[in-house]
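# Architecture at a glance
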Amino acid sequence: MTLYISREASKLWKRLWAEITTEINLLAENWKYLLAGLIFQYIHGLAARSIHYFHRPGPLLQDVGFYLLPELGPERAYISEMLFTFVFLSFFLWTFHPFIFKSKRIYTVLIWCRVLAFLCASQFLRIITFYSTQLPGPNYHCREGSERATLPRPEKLIEAFIIVPRGIIYGCGDLIFSSHMIFTLVFVRTYNKYGTRRFIKLCSWLIAVAQSLLIIASRKHYSVDVVVAWYTVNLVVFFVDKKLPELPDRTSGAATLLLPLSAKEKDIRNKDEDHKMINGNSGDPIDWRQRTQMNGKIADDANMGPVHAGTTMNGVL
């Protein structure tokens, strides 16, 4: 038993070290894109913080979602945040699953470069939108009579650049469209493309719908903020994804240059090569020549050699 545990631990460590080495190499090549994406996350937070200075509380706008969905109230508004936290942490952990599990289809660094590209494009459109028109916030701390509804001007310049923690938790004015839905939809679409569990893919869309309803029920956004997010983010991901280079397939020959094959992957690759040899075509590209059949035998067109008298080819003497 001890020997088995030791052997499995050694395999796990080798696989983990191979993944770490590979991801470090990818990080060295793509760190500029990751850094640019993270910097833009701060810029987006700064824009959401600064729009709070211009927010003026007022009567709530007429909203169909407010009529249809019961209000959760301040004491239960955290349910929406709990679901969003679950989605964020689940996706974050999934992007690191190649370090542990054998079923590997993605590279962590490359998948986050892709995700940050989707987020930045969507958030750029969001900044333009909520700066164009400031609506009275429907959230409880944004309504008339609340001390946090209007943000006082910063006494020092440095205060305008601090967005944690109040700038994230108690923001007002950054309404159209929902930032929570941006993250949720980007994560859901990314997993649906690169994930492997069909049941989780179905559940992810159901969770996205539930997140939409909870955002409205907790009065964090108007219904229009959620509706606009649904078609805007999906369109952004669709078009940006076409412009980005596709992620390398870990089961292809190109992927083996990045990461050594596991025993299972080697076995699958050997079977594919054996299948090619049985069909008269080896895995070598130089052997992919067109062949002609003579009397049940296969010969290369480029190297036919002399044909004996009386030999039929394609039914012609």
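So, how was this worked out
- Residues numbered from 1 in each chain as written.
- Predicted model: local features only at pLDDT ≥ 70, side-chain atom pairs only at ≥ 80, totals over all residues.
- Heavy atoms only, no water.
- UniProt positions renumbered as here; feature names shortened; annotations may be inferred.
- Helix = DSSP H or I, 4+ residues; strand = E, 2+ residues; numbered from the N terminus.
- Buried < 20%, exposed > 50% of the residue type's maximum accessible area, 1.4 Å probe, protein only.
- Contact = heavy atoms within 4.5 Å.
- Areas by Shrake-Rupley, 256 points an atom, 1.4 Å probe, with all protein chains shown as cover.
- Phe/Tyr/Trp six-rings, centres within 6.5 Å; stacked < 30°, edge-to-face > 60°.
- Axes fitted to C-alpha atoms, helices over the stretch in contact; angles between N-to-C directions.
- Parallel < 35°, antiparallel > 145°, perpendicular 65-115°, else oblique.
- Left-handed = near helix turned anticlockwise from the far one by under 90°.
- Nonpolar A, V, L, I, M, F, W, Y, C, P; charged D, E, K, R; others polar.
- Disulfide = S-S within 2.5 Å.
- Expected span 1.5 Å × (residues − 1).
- Polar contact = N/O pair within 3.5 Å; in protein donor to acceptor, adjacent residues only side chain to side chain.
- Core = buried A, V, L, I, M, F, W, Y, C linked by side-chain atoms within 4.5 Å.

As annotated in an unreviewed UniProt entry, the chain carries the name Sphingomyelin synthase-like domain-containing protein and is attributed to Kalanchoe fedtschenkoi. On record in UniProt, under Sequence similarities (unreviewed entry), the comment for the chain is "Belongs to the sphingomyelin synthase family."

### Let's talk about the overall build of the chain
Within the chain, the secondary structure is distributed over nine helices and two strands. Burial analysis of the chain (317 residues in total) assigns 39% to the buried set. A separation threshold of at least 6 residues defines the contact pool for the chain, and within that pool the share at least 24 residues apart is 80%. Taken as a whole, the chain presents about 19700 Å² of accessible surface, with 65% of it coming from carbon and sulfur.

### Here's the deal with the packing of aromatic side chains
What the rule picks out here adds up to 16 aromatic pairs. Considering the side-chain rings of W112 and F187, the 6.4 Å spacing of their centres and the 80 degrees angle between planes classify their relative orientation as edge-to-face. Here the residue W112 occupies a position in helix α4 (residues 108-132), and F187 occupies one in helix α6 (residues 179-194), the gap between them amounting to 75 residues. Relative accessible area serves as the criterion here: at 3%, F187 is assigned to the buried category. Taken together, the ring pairs connect F84, F88, F91, F92, W94, F96, W112, F183, F187 and Y191 into an aromatic cluster.

### Some remarks on the packing of α6 against helix α8 (residues 223-243)
Contact geometry of α6 with α8 gives a least axis separation of 9 Å together with a crossing angle of 45 degrees. By the criterion of interaxial angle, the relationship of α6 to α8 is oblique. The chirality of how α6 crosses α8 is right-handed. Where α6 approaches α8, its residues M181, I182, L185, V186, R189, K193 and Y194 are matched on the opposing element by V226, A229, W230, V233, N234, V237, F238 and D241. Grouping the constituent residues of the contact of α6 with α8 by class yields eleven nonpolar, one polar and three charged.

### Observations regarding the UniProt feature "transmembrane region" (unreviewed entry) in the chain
The residues that UniProt annotates with the feature "transmembrane region" (unreviewed entry) are residues 77-97, 109-131 and 167-187. Secondary structure over residues 77-97 splits into 86% helix and 0% strand, and the C-alpha atoms at its two ends are 32 Å apart. Helix makes up 100% of residues 109-131 and strand 0%, whereas the separation of the span's terminal C-alpha atoms amounts to 32 Å.

### A closer look at the state of the cysteines
Under the criterion given, the structure shown has one disulfide. Covalent S-S linkage joins C142 and C172, the inter-sulfur distance amounting to 1.9 Å. Its S-S torsion of approximately -90 degrees makes the covalent link between C142 and C172 left-handed. You can see C142 sitting in the loop between α4 and α5 (166-169) and its partner C172 sitting in the loop between α5 and α6, a full 30 residues away along the chain. Since its relative accessible area comes to 2%, C142 is described here as buried. Classification of C172 by relative accessible area gives buried; the value is 1%.

### A closer look at helix α7 (residues 198-217)
Taking 1.5 Å of rise per residue, 20 residues should cover 28 Å, and α7 covers 29 Å from first to last C-alpha, within 8% of that figure. Within α7, the full set of buried residues consists of S204, A208, Q211, S212, L214, I215, I216 and A217. Buried positions along α7 lie against α2 (64-68), α3 (78-95), α6 and α8. Looking one or two places after α7, you find R219, whose phi comes out positive at around 60 degrees.

### Some words on α6
For α6, with 16 residues, the first-to-last C-alpha span of 23 Å sits near the 22 Å given by 1.5 Å per residue. Restricting attention to buried positions, one finds in α6 the residues S179, M181, I182, F183, T184, L185, V186, F187, V188, T190, Y191 and Y194. Its side-chain oxygen at 3.4 Å from the backbone nitrogen of H180, S178 defines the N-terminal cap of α6.

### Some remarks on the nonpolar core
Counting residues in each nonpolar core, the largest one holds 42 residues, and the members touching the most others are V115, L119, V186, F187 and V233. Other than its neighbours up to four places away in sequence, V186 contacts V115, F118, L119, V233 and V237. Grouped together as the second largest cluster of nonpolar side chains are six residues, F40, A47, I127 and F130 included.

### Comments concerning the side chain of H52
One can find H52 in the loop between α1 (2-51) and α2. Owing to a relative accessible area of 3%, H52 belongs among the buried residues under this scheme. Within the structure, the side chain of H52 is placed 3.4 Å from the backbone oxygen of Y170, a separation counted as a polar contact. Ignoring any residue separated from it by four or fewer positions in sequence, one finds H52 in contact with R148, A149, T150, L151, Y170, G171 and C172.

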